[in-house]
Each structure stands twice: as C-alpha cells, then as structure tokens.
Amino acid sequence: MGSMPGMPGMGHELAPFTFGRALAFHPSVDWAFLGISVVLLVLYAAGCVRLWRRGDKWPIGRVVAWVLGLATMVMVTCTGLSQYGMVLLSAHMMQHMVLSMLTPILLLLGGPITLALRALRPAAKGSRGPRELLVALLHSRYVKVLSHPAFTIPLFIASLYGLYFTPLFDLLMKSEWGHFAMMVHFLAVGLAFFWPIMGVDPGPHRPGYVMRMLELFVGMPFHAFFGVAIMMASGLMVGTFAHPPAALGIDPLGDQHLAGGLAWAFSEIPTAVVLIALTFQWAKSEERQSRRKDRAADRNGDQELEAYNAYLARLEQRSAG
C-alpha cells in the first residue's frame, strides 16, 4: 500500500485540503487496490473479447458501467484522497461512501457473473471446471444466506453504526492495514447489499421489482439518519481525527459535520441511480414478455383469442335461444 505523506514520520506535510486538490495532486497509489482493479479489468475485457470473437453480443453499456466502477474505486484509493482519508473524517467518509454506495452499483450493472457464465467454456463431461464451480457457488447454501435481505440489510446498517459508534473504528485506523481492511469491507458490504436489488446477474434471491424497491427503501433511511446523526453531533464521534495536522487549518468538529453531510447526500444519489436502473429493467422485462406472447400467438394461431371468441359466440346463441 502507498505511503501517507503528512502522517507522523512519513515526511512532508499535506497541503491545505479540498476535494479537488486531493483528487488531482499528491497521488498515493494503493498497490493492492490498483492491482485488484487491473486484474478485474483484464478479466472482464478477456470475457468480452471471447464473446465478440464467437459472434455473441455483449452490451457496451455494461462495459462502460464496469470501467466506471473500477475508475471510482481507483479514484478514492489511489489519489491524494487516500492520504487525506487518514487524517480527515470528511475525506475518509468520501472514500467510504464511494466504495459502498457508488462503486458496487456500477460494477453490478456491468453484469460480471453473467459475462463469466457466458464466456467460460463448459468442462468435459464428468469433470468440473471454473464455470461449473461458479454455478455450484451461486446455488450453494452459503450464497443463499449471504444474499438474503434478512442478512444483507442488517449487515449494511450495522457496518455504519457498529463501526463509527464503537471503538472499532479507532482501532482499525491505527494502521494502514486496518484502514485497507475497512475499505475492502465497505466495498464487500455494498456489493452484498445491492446485488439482489440490482438483479442484473443470476442469484438465489430475485424478487419482483416492487420488492426490490422496498428492500432499497428499507436500508436507505437508516443510512440517511446515520449522516444526520454525525452532522448534528455536538462532540467528536471518533478520536482518530481529533487532531488534524495544523497545516490543514481544519476544525475537526466542522470537518465531522461535513462528513455527516456527505453521508446524508450519498443516501440520495445511489437511490436515484438504482431506481432508474430498476425502471429500465422492468420496462425491458415487460417488453420481453410481450414479445414472447406475440411469438406464442403466431405459433398457435392465437388459439386463446379464438377460444374466447367461440365462448362469446356460444353465449350469444344461448341468449338468442
């Protein structure tokens, strides 16, 4: 993982903080996150190329979503925001919100599991290859439990309140590895929460679109209240950011209020993105069902309509008789 200039014993001081400066200057490459991003990009590109070479289609919109998802992950882990995230709660909260609320949605819109199932070749008869293992994992009891709303929604809520309102946060922030583990946790929780809601990839829990929207709205108020609680607090919530570097000229309580505002705002942005995505999915689903009914009518000569007309004719004959 990258060094943290401005931390004790790390060398030079950080410049006065703005989000623009943090993103544009003082790059701090987290090699673990950068390596993960590169591997995921290469694997996804390889899957797309395999489909395209054999003449299959793969929506370019999904490719764009996947690339944007990886880009947002790199943006908050391999720029100056990573440095400031060790000394300012607002910068840390920006990392948290992007990794748990924006990056997962974009990655899931990329449909990586569907791509893998289509790109991986079936194993020889009687053996199990990567594709068969992935299918078995998707149907396993563990995935059924881990993707159930009864697990994902409490996990999503607990990852907020159980981290920032307990000593666990200060404990993890004592080391770069603790901070890295926290970032991975944010990403994993976001993926777990949004995966059954987005419904782009196959999974054990795929309720109707109305139920997915309800699942989304169950979790979001708790997230919004979390942001308001931090924004309105009269004292510091965590000790890690109680004494920011003097060169930054930051009031820690004011910075905490900014962090709470960011958390509150991010409860609105992903909700809008997910609702738009679900609306498009719903419309496409209705369109596919309509096309299937039309094809069935063409095959059977519209037997249902003919039977209904015959039924009406019989009723008319009885009335006339």
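Residues numbered from 1 in each chain as written. Predicted model: local features only at pLDDT ≥ 70, side-chain atom pairs only at ≥ 80, totals over all residues. Heavy atoms only, no water.

Caption draft 1: Examining the overall build of the protein more closely. In terms of helices and strands, the protein carries 15 helices and zero strands. Out of the 321 residues belonging to the protein, those deemed buried represent 42%. For the protein, the proportion of contacts with a sequence separation of at least 24, taken over those separated by at least 6, is 77%. Only carbon and sulfur atoms are counted for the fraction: they give 68% of the accessible area of the protein, which is about 16,900 Å². (Helix = DSSP H or I, 4+ residues; strand = E, 2+ residues; numbered from the N terminus. Buried < 20%, exposed > 50% of the residue type's maximum accessible area, 1.4 Å probe, protein only. Contact = heavy atoms within 4.5 Å. Areas by Shrake-Rupley, 256 points an atom, 1.4 Å probe, with all protein chains shown as cover.)

Caption draft 2: Structural detail: the pattern of salt bridges. One pass over the structure, following the stated rule, counts one salt bridge. With its nearest N and O atoms 2.6 Å apart, the salt bridge here joins arginine 54 to aspartate 56. Aspartate 56 gets classed as partly exposed once you look at its relative accessible area, which sits at 27%. (Salt bridge = Lys/Arg side-chain N within 4 Å of Asp/Glu carboxyl O.)

Caption draft 3: Representation of the packing of aromatic side chains within the structure. Throughout the structure, instances matching the rule amount to twelve aromatic pairs. Both rings, one in tryptophan 177 and one in phenylalanine 180, keep their centres 5.9 Å apart while their planes meet at 85°; by these two values the pair is edge-to-face. Taken as a pair, tryptophan 177 and phenylalanine 180 lie in helix α11 (residues 176-198) at a separation of three residues, close to a single helical turn. Clustering of aromatic rings is evident, with ring pairs tying together Tyr161, Tyr164, Phe165, Phe169, Phe226 and Phe241. Above the ring of tryptophan 58, the side-chain terminus of arginine 62 is found at 4.9 Å from the ring centroid. (Phe/Tyr/Trp six-rings, centres within 6.5 Å; stacked < 30°, edge-to-face > 60°. Lys NZ or Arg CZ within 6 Å of the ring centre and 35° of its normal.)

Caption draft 4: Representation of a nonpolar patch on the surface within the structure. Together, Val49, Trp52, Ile60, Val64 and Leu68 line one region of the surface with nonpolar side chains, adding up to about 450 Å² of accessible area. When contributions to the nonpolar patch are tallied by element, the ones reaching two or more residues are α2 (31-53) and α3 (60-77). The element best represented in the nonpolar patch is α3, accounting for three residues. Within the element layout of this structure, tryptophan 52 appears in helix α2. Residue tryptophan 52 is classed as partly exposed on the basis of its relative accessible area, which comes to 41%. (Patch = residues over 30% accessible without salt bridge, like charges linked within 9 Å, V, L, I, M, F, W, Y side chains within 5 Å.)

Caption draft 5: Spotlight on empty space enclosed by the protein. One pass over the full model with this rule turns up two cavities of 30 Å³ or more. Here the largest cavity is characterised by a volume of approximately 70 Å³. Lining the largest cavity, in full, are Val87, Leu88, Leu89, Leu236, Val238, Phe241, Ala242, Pro244, Ile250, Pro252, Asp255 and Gln256. Looking at the lining of the largest cavity element by element, the count peaks at three residues for helix α13 (residues 252-266). In this structure, the second largest cavity spans a volume of roughly 50 Å³. Lining the second largest cavity are His96, Ser100, Met101, Phe156, Ser159, Leu160, His185, Phe186, Val189 and His223. Going through the elements one at a time, α5 (89-109), α9 (149-164) and α11 are the ones with two or more residues in the lining of the second largest cavity. (1 Å grid on protein atoms, 1.4 Å probe; cavity = no way out; pocket = protein on both sides within 12 Å on 5 of 7 lines; lining within 4 Å. Points joined across faces, edges and corners; volume = space filled by probe spheres on them.)

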